[in-house]
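In case you want the letters, here they are:
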Amino acid sequence: MDLWLYILLFVVLLLLRVPVAFSMIAASMLYFYSHNLSAGYAISSVVNGINSFPLLAVPLFIFVGTVANQLGIATRLYDLARAALPRLRGNLAYVNLGTAIGFSWISGSALADAASTSKVQIPQMLKAGYPYGFSAGLTASGSLMSTVMPPSIPAVLFAATASISTGALFAGSIIPAMLMALGLAAYVFIWVRRHPDVAKRQPFVGSMLGKAAVRVIGPAMLPVIILGGIFSGWFTPTESAGIAAVYMLVLGAIYRTLTWRVFWNAAKETVVISAGILLILGASNLMGQVLAREQVSRNLGEWLTGFTDNPIVFLLMLNVLLILLGIPLEAPPVILVLVPILMPIVAQFGIDPVQLGVIMILNLMIGSLTPPVGAVLFVVGSITRRPMGELFRGILPFLIPLGVVLLLLTLFPVIVTSLPTLLGLM
């Protein structure tokens, strides 16, 4: 079996809706069989793909996010934002965005953020007279910050696969995530100016703000513990994930909302999500063996350097490819398959791997928000139970500020690298 037949088989299996991991394994095993390679070698490749201490952070951060969802942390953040911004015209739209920013420091997953915040914020905005397309589009696009802002699960996967510092990638993601928030806020400002009849002010109540602020003190300490520990060098990202998981359980006990049912649901969801990611990780390592034998990285690198020697042109081409891949596929399989191929190539172009990581994650997130099959769209649509056409039309304007941020990160790598360099992580 040659390389093109191998790729064709993999694509056909995906089109037949075979899960990504099993498509990788099936195509790779047939390749191994056709080249007289042992099954034992294939099995060891799968096992070696998940035998990594840094990857322990993945299920732990997933557990933190699922517990936060079960404990109603998103509701507490929403109450604080609503109490703090009543006099601002279009306050519920800014509250939506503020809640997304706060929750992004906790969950690490756009899908988890979209699921939890959609239940809280969209009904409130509809009740206040905001159109469904704008409300759902803002909620869906705001949820993408959870996958860019640390603790980001795709960032952990990228760092482990690319063998770079997770702390450096976390630090490099903070400014881009805040630029995403700024870009979305700019669009909200423009929309509010055009719809003054919907975006009405509300009275300020100081007692409500005080109560809401007290209720979020506990969750607000979580990113301080995670990032403060990592950036100070007190513990590794994996250790910080373990500490964060314990902290969330203690927080649930203090709030008296952590029951055995809540713990069981969070543990079960963590196991299901983690098992899927780790299976893809093992399968991608098996596929990586095939691609390495076929010298894909070297051949592709030679072709690209012959096509262009400009790193910006290369990144612009990569942006288009990643967005297209992010529409039908979730971030983990794309990261795990492409990163081993791309790392030697970006080295030839002199591109910093931290910049590549942030750009890659943001590209895939924009893809997950792009009609017709973006994963985040279907999460929001399944919760709101409204026609998908309304959501598709509502989401399109929000892709513009996100695309502008992506272009800035592509053209100006200092946006990504300045904070890690300042903290001595690069």
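Please read these numbers as outputs of a predicted model, since none were measured by experiment. (Residues numbered from 1 in each chain as written. Predicted model: local features only at pLDDT ≥ 70, side-chain atom pairs only at ≥ 80, totals over all residues. Heavy atoms only, no water.)

Turning our attention to the overall build of the chain. A count of helices and strands for the chain gives 23 helices and zero strands. Relative to the compact-globule value of 22 Å for 426 residues, the chain shows a C-alpha radius of gyration of 22 Å, a close match. In terms of overall dimensions, the chain has C-alpha extents of about 75 × 45 × 45 Å along its principal axes. Sorting the 426 residues of the chain into buried and exposed places 51% on the buried side. For the chain, the exposed surface amounts to about 18300 Å²; the carbon and sulfur share of it is 69%. (Helix = DSSP H or I, 4+ residues; strand = E, 2+ residues; numbered from the N terminus. Rg over C-alpha atoms; globule rule 2.2 N^0.38 Å. Buried < 20%, exposed > 50% of the residue type's maximum accessible area, 1.4 Å probe, protein only. Areas by Shrake-Rupley, 256 points an atom, 1.4 Å probe, with all protein chains shown as cover.)

Here we come to unusual backbone geometry. Along the chain, Pro 150 connects to Pro 151 via a cis peptide bond; the corresponding omega equals 5°. As for its position among the elements, Pro 151 is in the loop between α9 (145–148) and α10 (153–162). Positioned with a positive phi, Ser 163 is a non-glycine residue whose angle comes to about 60°.

A few words now on the layout of surface pockets. Space inside the second largest pocket adds up to approximately 230 Å³. Taken together, 14 residues line the second largest pocket, and the ones lying closest to its centre are Gly 49, Thr 161, Leu 281, Asn 285 and Pro 340. Secondary-structure elements contributing two or more residues to the lining of the second largest pocket are α3 (39–50), α10, α15 (260–293) and α18 (331–349). Here the lining of the second largest pocket gets five residues from one element, more than from any other, and that element is α15. A breakdown of the residues in the lining of the second largest pocket according to their chemical character gives five nonpolar, nine polar and no charged. (1 Å grid on protein atoms, 1.4 Å probe; cavity = no way out; pocket = protein on both sides within 12 Å on 5 of 7 lines; lining within 4 Å. Points joined across faces, edges and corners; volume = space filled by probe spheres on them. Nonpolar A, V, L, I, M, F, W, Y, C, P; charged D, E, K, R; others polar.)

The next point concerns the nonpolar core. Grouped together as the largest cluster of nonpolar side chains are 135 residues, with contacts concentrated most on Phe 134, Phe 158, Met 248, Phe 314, Met 360 and Leu 369. If we skip the residues at most four places from it in the chain, Phe 134 touches Ala 93, Met 125, Tyr 187, Val 188, Trp 191 and Phe 398. (Core = buried A, V, L, I, M, F, W, Y, C linked by side-chain atoms within 4.5 Å. Contact = heavy atoms within 4.5 Å.)

Here we take up the packing of helix α8 (residues 132–143) against helix α20 (residues 375–384). Where α8 contacts α20, the axes come no closer than 10 Å and their chain directions differ by 135°. Compared by their axis directions, α8 and α20 come out oblique. In this structure, α8 crosses over α20, and the sense of that crossing is right-handed. Here Tyr 132, Ala 136, Ala 140 and Ser 143 of α8 come into contact with α20, specifically with Val 376, Val 380 and Thr 384. Residues of the contact of α8 with α20, tallied by class, amount to five nonpolar, two polar and no charged. (Axes fitted to C-alpha atoms, helices over the stretch in contact; angles between N-to-C directions. Parallel < 35°, antiparallel > 145°, perpendicular 65-115°, else oblique. Left-handed = near helix turned anticlockwise from the far one by under 90°.)

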